[in-house]
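Spelled out, the chains give:
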Amino acid sequence: MAKDLINVGLIGYKFMGKAHSFGFVNAPMMFPDIKAKPVLKAIVGRDEPAVREAMEQYGWQSFETDYKKLIARDDIDLVDIATGNNVHAEIAIAAAEAGKDIFCEKPLAMNVPEARQMLDAVEKAGVKHMVNFNYRAVPAVALAKKMIDDGMIGRIFHWRSVYLQDWIIDPDFPLVWRLQKDIAGSGSLGDLAAHSIDLANWLVGDIDEVSSNLTTFIKKRPKLAETTGGLSAKGGADLGDVTVDDAIIALTKFKNGAIGTIEATRFAAGNRNGNRFEINGDKGSIRFNVERLNELEYFNREDPDAYQGWRTISVTEGIHPYVQGWWPAGHIIGWGETFVHQVVNLMNALADNEMPTPNFRDGLKVQTVLEAIEKSAESGRWEKVVSE
Ligand SMILES: NC(=O)c1ccc[n+]([C@@H]2O[C@H](COP(=O)([O-])OP(=O)(O)OC[C@H]3O[C@@H](n4cnc5c(N)ncnc54)[C@H](O)[C@@H]3O)[C@@H](O)[C@H]2O)c1
């Protein structure tokens, strides 16, 4: 049902909890044409003093210490899942059964069967669902999509992506949840490559086959003594096993004949959040680097020979996707704003009674590629992406 206000309940109050709160607070302020306004009804965390503090800091009206209590509340329309990956499925399935719409962080699930169950549950319940592949909501990436759809790149030959971070090179960095398979599902694969895979599926087309290599450079790390959330933590004296990949490289074949590479690592010194891609087609090329978020590079083969070269488009004009909500031309925006854009997309879809994108179907599609990459690394062979 279309309505003017959407009552939101957010589960998880750390890194993504804060980013999602930023999105809900700022979307109606910066985008006054938003079709439904989020109401920050309740935030959930298991540590009462910490969740109370988050409630006050981020501007939520109330808190719960058990997500089941949130889902049971009649005054919640939308459940937002910003927890570690191991509880996405149980929360999403319970929320769907209670008739709530759902916004869920990526990767959608721990594996393909879980993602499949989640999609089945939301479809059976007839609720709306969205997965937060927020890099689609970067203005420069949305412009790249428009240029591809408008035929400016032509027939695509190549996808080339790297997602490079460097926060666990130190062997003393402790065993946070992102390094434990039972909570994270996988390492750089589900955390970083999942974003690249979603962009590749969206911008180029469906991935059909992969040949890959996964590795774990540091196999034991100090067990966690203290965590401060997000990517920072301190270790104790005991060591524990790292049970996820540290780095992955995958060759990809797309259904439309394009080929590609996907690399993701947390061991690329000097790269804090180097999410980059390049696409080459018969009419031209585009490339993007999230650390230069307001720019899109474009090479047009049809430019006169004498003037050919890469141009850098400053994606800050009001005519560019999402930019009309922000500042005058040249007054750049940042990473946090992608969460505002996702909230605008989600609220508009809910108000129009339409399914938002990317949704659980896109999340499941990414999961099938993640699974094929793991399978190929094990078998040493090309593996088909089994579409669900
Ligand atoms: N879209 C992006 O750019 C992006 C970036 C970082 C993380 N993520 C994703 O967001 C999710 C959360 O990551 P994060 O970096 O915020 O982690 P985090 O460790 O900073 O926060 C996780 C939160 O989940 C809570 N939580 C865990 N289990 C819970 C439970 N059973 N009930 C209630 N709360 C529970 C924790 O208490 C904490 O508040 C993950 O799925 C991750 O992959 C997405």
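Definitions and cut-offs
- Residues numbered from 1 in each chain as written.
- Predicted model: local features only at pLDDT ≥ 70, side-chain atom pairs only at ≥ 80, totals over all residues.
- Axes fitted to C-alpha atoms, helices over the stretch in contact; angles between N-to-C directions.
- Helix = DSSP H or I, 4+ residues; strand = E, 2+ residues; numbered from the N terminus.
- Parallel < 35°, antiparallel > 145°, perpendicular 65-115°, else oblique.
- Left-handed = near helix turned anticlockwise from the far one by under 90°.
- Contact = placed C-beta atoms within 7 Å.
- Nonpolar A, V, L, I, M, F, W, Y, C, P; charged D, E, K, R; others polar.
- Core = buried A, V, L, I, M, F, W, Y, C linked by C-beta atoms within 7 Å.
- Buried ≥ 20, exposed ≤ 12 C-beta atoms within 10 Å, placed from the backbone.
- Domains from an automatic or database assignment.
- Pairing = 2+ DSSP bridges.
- Expected span 1.5 Å × (residues − 1).
- Near = placed C-beta within 6 Å.

Here we take up the packing of helix 1 (residues 15–30) against helix 9 (residues 337–351). Contact pair helix 1 / helix 9: the axes reach a minimum separation of 7 Å and the direction vectors enclose 65 degrees. Overall, the two elements helix 1 and helix 9 adopt an arrangement that is roughly perpendicular. For the crossing formed where helix 1 meets helix 9, the hand is right-handed. The segment helix 1 lies against helix 9, with Ala19, His20, Phe22, Gly23, Phe24, Asn26, Ala27 and Met30 engaging Phe339, Val340, Gln342, Val343, Val344 and Met347. Along the lines of polarity and charge, the residues of the contact of helix 1 with helix 9 split into 10 nonpolar, four polar and no charged.

Nonpolar side chains in soluble globular proteins generally cluster together in the buried interior. With 107 residues, the main nonpolar core has Ile43, Val79, Ala92, Ile102 and Met118 as its most contacted residues. Two domains share this core, each providing at least three of its residues, namely domain 1 (5–135) and domain 2 (139–292 + 294–333 + 366–379). When neighbours within four sequence positions are excluded, methionine 118 is seen to be in contact with Ala89, Ala92, Ile93, Leu108, Ala109 and Phe360. If you look at the next biggest cluster of nonpolar residues, it comprises five residues, including Leu175, Val176, Leu179 and Val244.

The subject of this paragraph is the sheet that holds strand 13 (residues 274–281). Hydrogen bonds along the backbone pair up the strands of a sheet, which may run parallel or antiparallel. One open sheet holds the nine strands; their spatial order is 16-15-14-13-7-12-11-8-17, and the pairing between them is mixed. The open sheet is flanked by strand 16 (311–314) and strand 17 (383–384), the only strands paired with a single partner. Two strands pair when backbone bridges link them, and strand 8 (residues 207–215) and strand 17 are joined in this way by two bridges, in the antiparallel orientation. Counted as the bridge partner of valine 210 is glutamate 383 from strand 17. Helix 6 (residues 139–149) contacts strand 14 (284–289) and strand 15 (295–300) of the sheet and is inclined by roughly 165 degrees relative to strand 14. Together, strand 8, strand 11 (247–254) and strand 17 form the strand contacts of helix 10 (residues 360–379), whose direction differs from that of strand 8 by roughly 55 degrees.

Accessible area lost on assembly of the parts is the figure often given for the size of an interface. As assigned here, the chain comprises domain 1 (5–135) and domain 2 (139–292 + 294–333 + 366–379). At the level of secondary structure, the elements contributing two or more residues to the side of domain 1 that touches domain 2 comprise helix 1 and helix 5 (112–125). The residue inventory of the side of domain 1 that touches domain 2, partitioned by class, reads 11 nonpolar, four polar and two charged.

Here the focus is the environment of isoleucine 332. With respect to the element layout, isoleucine 332 can be found in the loop between strand 16 and helix 9. Considering only alpha carbons, one finds isoleucine 332 and threonine 316, 16 residues apart in sequence, at a separation of 6.3 Å. Ignoring anything within four residues of it in the chain, the contact list for isoleucine 332 reads Asn294 and Thr316.

In this model helix 1 runs 22 Å from its N-terminal to its C-terminal C-alpha over 16 residues, within 8% of the 22 Å that 1.5 Å per residue would give. Inspection of helix 1 places Met16, Gly17, Lys18, Ala19, His20, Ser21, Gly23, Phe24 and Ala27 among the buried residues, and these make up the whole buried set. Where helix 1 is buried, its residues meet strand 1 (5–11), strand 2 (37–44), helix 2 (48–58), strand 4 (78–81) and helix 9.

Omega for the bond connecting lysine 106 with proline 107 falls within 30 degrees of zero, at -15 degrees, which places this linkage in the cis form. Tracing the backbone shows proline 107 in the loop between strand 5 (101–104) and helix 5. That bond from threonine 357 to proline 358 is cis: its omega, -10 degrees, falls within 30 degrees of zero. In this structure, tyrosine 322 takes a positive phi of about 70 degrees despite not being glycine. Mapped onto the elements of the fold, tyrosine 322 is located in the loop between strand 16 and helix 9. Backbone geometry at asparagine 353 places phi at a positive 60 degrees, although glycine is not the residue there.

The strand order across the open sheet formed by six strands is 3-2-1-4-5-6, and the pairing between neighbours is parallel. Here the strands that pair on one side only, and so sit at the sheet edges, are strand 3 (62–64) and strand 6 (129–131). Sheet twist, expressed as the average angle between the axes of neighbouring strands with direction ignored, equals 25 degrees. Sheet analysis places strand 4 next to strand 5, joined by four bridges and oriented parallel. Pairing of isoleucine 81 across the sheet is with cysteine 104, part of strand 5. Along the sheet face, helix 2 touches strand 2 and strand 3 and points at about 160 degrees away from the line of strand 2.

What follows deals with the site of the ligand. For the ligand, the set of nearby residues contains 23 residues, the closest of which are Gly12, Lys14, Phe15, Met16 and Glu105. Tallying contributions element by element places helix 1 first for the shell around the ligand, with three residues. In terms of residue class, the shell around the ligand is made up of eight nonpolar, 10 polar and five charged. Both domains that furnish three or more residues to the shell around the ligand are identified here as domain 1 (5–135) and domain 2 (139–292 + 294–333 + 366–379).

Moving on to the pairing of strand 15. Bridge count between strand 14 and strand 15: four bridges; the pairing is antiparallel. Pairing of serine 285 across the sheet is with phenylalanine 299, part of strand 15. Where strand 15 lies against strand 16, four bridges are found, and the strand directions are antiparallel. Note that in strand 16 the partner of glutamate 295 across the bridge is serine 314.

Compared with an ideal rise of 1.5 Å per residue, which puts 15 residues at 21 Å, helix 9 spans 21 Å between its outermost C-alpha atoms and is within 8% of the ideal. Judged by how many residues are buried, helix 9 sits mostly within the fold: 11 of 15 residues are covered. Residues of helix 9 that are buried: Glu337, Thr338, Phe339, Val340, His341, Gln342, Val343, Val344, Leu346, Met347 and Leu350. Check the buried side of helix 9 and you find it contacts strand 1, helix 1, strand 2, strand 5 and strand 6. Positioned one or two residues after helix 9, asparagine 353 has a phi angle of 60 degrees, which is positive.

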